[in-house]
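Examination of the molecular architecture
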Amino acid sequence: MVVTNACNSMTYSFPDSDSESDMEEYLPVNDEQLNSSTPIDLYEQRSNLIHLGCSGNLIEEYKRLTKLQLNKEYNNADIIKRNEHQKRLKEERERLLSRQRMEKEQEIQKLKTLISKLETIEIENEDEDKRFEEELKRQRELVDNAIAYDKKKYEAQSQQERARKEEEEKKKEEEAKKKEDEAKRKEENEVKEKEKKERISKLLAQKQASSVSLAGLEEYKQYYKKIEHYKKNIKPLLENPDFRKKCFDARRIVKRSLTQLQYKHEVILDKYRILHNHLMNIKQQSAEAFEVMLNVLSKAFLLQVKQEINATPFAAYFLARFAYLLCSTIPELQDYLMGRLMKRCPYLIPQYHDDDTSLSQDEIKARLRYVYTDKEKGVLESFLQHAEMQKCYVMFYGALCQTIPDPGQPPNPFPIKNAWIWLARICNMPPREITPVLVLGLLEVATIRLLEAYPHQTPKLLRLIRERICTDSPICKGNDNVASIERLKMFIDDYFNTGRPQCVPESLPSVL
């Protein structure tokens, strides 16, 4: 269908249903395209349309007619396509159903064949079952016969096993009884041996306890560890000439300070400050040189103790105060001083070294620190000389324990309880010839402080010493300890008679 308008030179035609062109290509031009064409006489156009019986707007009419025609043609084409598609679906469904029917028939045929085979197998199985039952019956008979045989054999073996076990049990009982008898004999022997060892160890312990205080010995070992360390690690350094010279120069002040000590407090404090500052300066320069000086100081000081106290007993007090000041401010000196003091005076442990029967008298004296008066001839000092020297060390120790610090000074590292402990230890051991000498030495310097610290116990201890030490102490050859025993008795008796112990004064008596 072709529409030609005299007032519009453009020709419009409907697209075919088989055309591949889009519908937009056939749509009428818009108003802008019309306006862009050659000018048209709108009045004349409108008159012609009215004359032909058309609506006033030819373009709108054309759009409406075109839309109706397109819808009609498109609807027809869709119907045709849908019918063809349904036809194809129907043919495909019939083809699928036909194939499914064929597959089912084939499957049914297979099942029939399988059932036929199963029926045949079942018949064969029935025969096989019969044969199996017969074979099973035969096997059961064989098993029953085997069980009966095994049972008979087991009964015979069990009877033999019971007989064997009975015999073994009988043997075991006999062996157990034999072992029990042996164990009893062994236990009895062990008990006897243990009792014997206990008796021997008790005797040894009693003998050892009577010759050494184990607690005191342990304290001595703890002190002496420092000296062993010095011998192993510090002393070899003195082989170096420079180090030895440095230490030699430093020891001069040490010895000079010791020789200048007096009983006056101000002199003691002055010498203490000089020596303390000197040691601290050495410590800042060399720790090894400091250790050397402590060792030198302890040896020189104990030599001073022996000389001074032997000459004037009251020297024990100012030497003890000087030692207290150094030990309280230089703790490292305590091990050196006490280690060497107990080595020089083993009675401060106390230890007598007379529990070892393998030692000769000379060896025992050597361990008790007897010294030679004539080393070339091998002549040792006498008991009285030895006792007086050892008494000096005990008096120094007692004076050290009884020292009371001045106001503002540090506490005493060796309090009065140490003197009490030493007296308790030596009183718990059997007295020797030297015991009265040593006990008197400590009481002469520490009894006042002991009474102040232990006002109720000290009199009991003094009474024990009077009744036991003074009476049980053996008399040495030559009666060298008789005077000391008598002086100890007089010291204690005077205290009980007057109530005041006659101790060594801390200073020289005034001269009238």
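Here the structure is shown first, and the text comes after it.
Residues numbered from 1 in each chain as written. Predicted model: local features only at pLDDT ≥ 70, side-chain atom pairs only at ≥ 80, totals over all residues. Heavy atoms only, no water.

1. Quick word on the overall build of the protein
- Of regular secondary structure, the protein possesses 15 helices and 4 strands.
- For the protein, the proportion of its 512 residues judged to be buried stands at 32%.
- For the protein, contacts bridging at least 24 residues in sequence account for 70% of all contacts bridging at least 6.
- Here the protein displays about 34500 Å² of accessible surface, and carbon together with sulfur accounts for 51% of that area. (Helix = DSSP H or I, 4+ residues; strand = E, 2+ residues; numbered from the N terminus. Buried < 20%, exposed > 50% of the residue type's maximum accessible area, 1.4 Å probe, protein only. Contact = heavy atoms within 4.5 Å. Areas by Shrake-Rupley, 256 points an atom, 1.4 Å probe, with all protein chains shown as cover.)

2. Points about the packing of aromatic side chains
- Considering all chains together, one arrives at 9 aromatic pairs under this definition.
- Between the aromatic rings of Trp420 and Tyr454, the centroid separation amounts to 4.9 Å while the plane-to-plane angle is 40 degrees, which identifies the pairing as tilted. Placement of Trp420 in helix 12 (residues 417–427) and of Tyr454 in the loop between helix 13 (435–453) and helix 14 (457–472) is noted, with a sequence separation of 34 residues between them.
- One aromatic cluster in this structure is built from Tyr263, Phe314 and Phe318.
- Above the ring of Tyr370, the side-chain terminus of Lys365 is found at 5.4 Å from the ring centroid. (Phe/Tyr/Trp six-rings, centres within 6.5 Å; stacked < 30°, edge-to-face > 60°. Lys NZ or Arg CZ within 6 Å of the ring centre and 35° of its normal.)

3. Quick word on helix 9 (residues 332–344)
- Under the 1.5 Å per step criterion, the end-to-end length of helix 9 is 19 Å for 13 residues, consistent within 8% with the ideal 18 Å.
- Among the residues making up helix 9, those that are buried are Leu333, Gln334, Tyr336, Leu337, Met338, Gly339, Arg340, Leu341 and Met342. (Expected span 1.5 Å × (residues − 1).)

4. Regarding the side chain of His353
- Among the secondary structure elements, His353 is positioned in the loop between helix 9 and helix 10 (361–367).
- The exposure class of His353 is buried, given its relative accessible area of 13%.
- Contact partners of His353, with chain neighbours within four places excluded, come to Ser211, Leu359, Ile364, Arg367 and Leu368.

5. Re the pattern of salt bridges
- As enumerated under the stated definition, the model contains 17 salt bridges in all.
- Between Glu161 and Arg164 there is a salt bridge, with the nearest N and O atoms lying 1.9 Å from each other. Here Glu161 pairs with Arg164, and both are found in helix 3 (residues 58–209), just 3 residues apart, close to one helical turn.
- Arg164 sits in the partly exposed class, given a relative accessible area of 36%.
- With its nearest N and O atoms 3.7 Å apart, the salt bridge here joins Arg321 to Asp406. In this pair, Arg321 sits in helix 8 (residues 315–329) while Asp406 sits in the loop between helix 11 (383–402) and helix 12, placing the two residues 85 residues apart along the sequence.
- For Asp406, a relative accessible area of 24% puts it in the partly exposed group.
- Bridged by salt links that share partners, the residues Glu161, Arg164 and Glu168 form one connected network. (Salt bridge = Lys/Arg side-chain N within 4 Å of Asp/Glu carboxyl O.)

6. A look at the environment of His276
- Its place among the elements puts His276 in helix 6 (residues 265–285).
- Given a relative accessible area of 17%, His276 falls into the buried group.
- Distance in space between the C-alpha atoms of His276 and Leu325 is 9.2 Å, their sequence separation being 49 residues.
- Contact partners of His276, with chain neighbours within four places excluded, come to Thr329 and Ile330.

7. Describing the packing of helix 14 against helix 15 (residues 482–498)
- Contact geometry for helix 14 and helix 15: axes closest at 10 Å, N-to-C directions at 150 degrees. Overall, the two elements helix 14 and helix 15 adopt an arrangement that is roughly antiparallel. Judged by the sense of rotation from one axis to the other, the crossing of helix 14 with helix 15 is left-handed. On helix 15, the residues that touch Pro459, Leu462, Arg463, Ile465, Arg466, Ile469 and Cys470 of helix 14 are Ile485, Leu488, Lys489, Ile492, Asp493, Tyr495 and Phe496.
- Looking at side-chain class alone, the contact of helix 14 with helix 15 contains 10 nonpolar, no polar and 4 charged residues. (Axes fitted to C-alpha atoms, helices over the stretch in contact; angles between N-to-C directions. Parallel < 35°, antiparallel > 145°, perpendicular 65-115°, else oblique. Left-handed = near helix turned anticlockwise from the far one by under 90°. Nonpolar A, V, L, I, M, F, W, Y, C, P; charged D, E, K, R; others polar.)

8. A look at the state of the cysteines
- Counted according to the given criterion, the structure contains 0 disulfides.
- Here Cys427 is not disulfide-linked; the sulfur of Cys470 is the nearest cysteine sulfur, at 9.9 Å.
- Since its relative accessible area comes to 5%, Cys427 is described here as buried. (Disulfide = S-S within 2.5 Å.)

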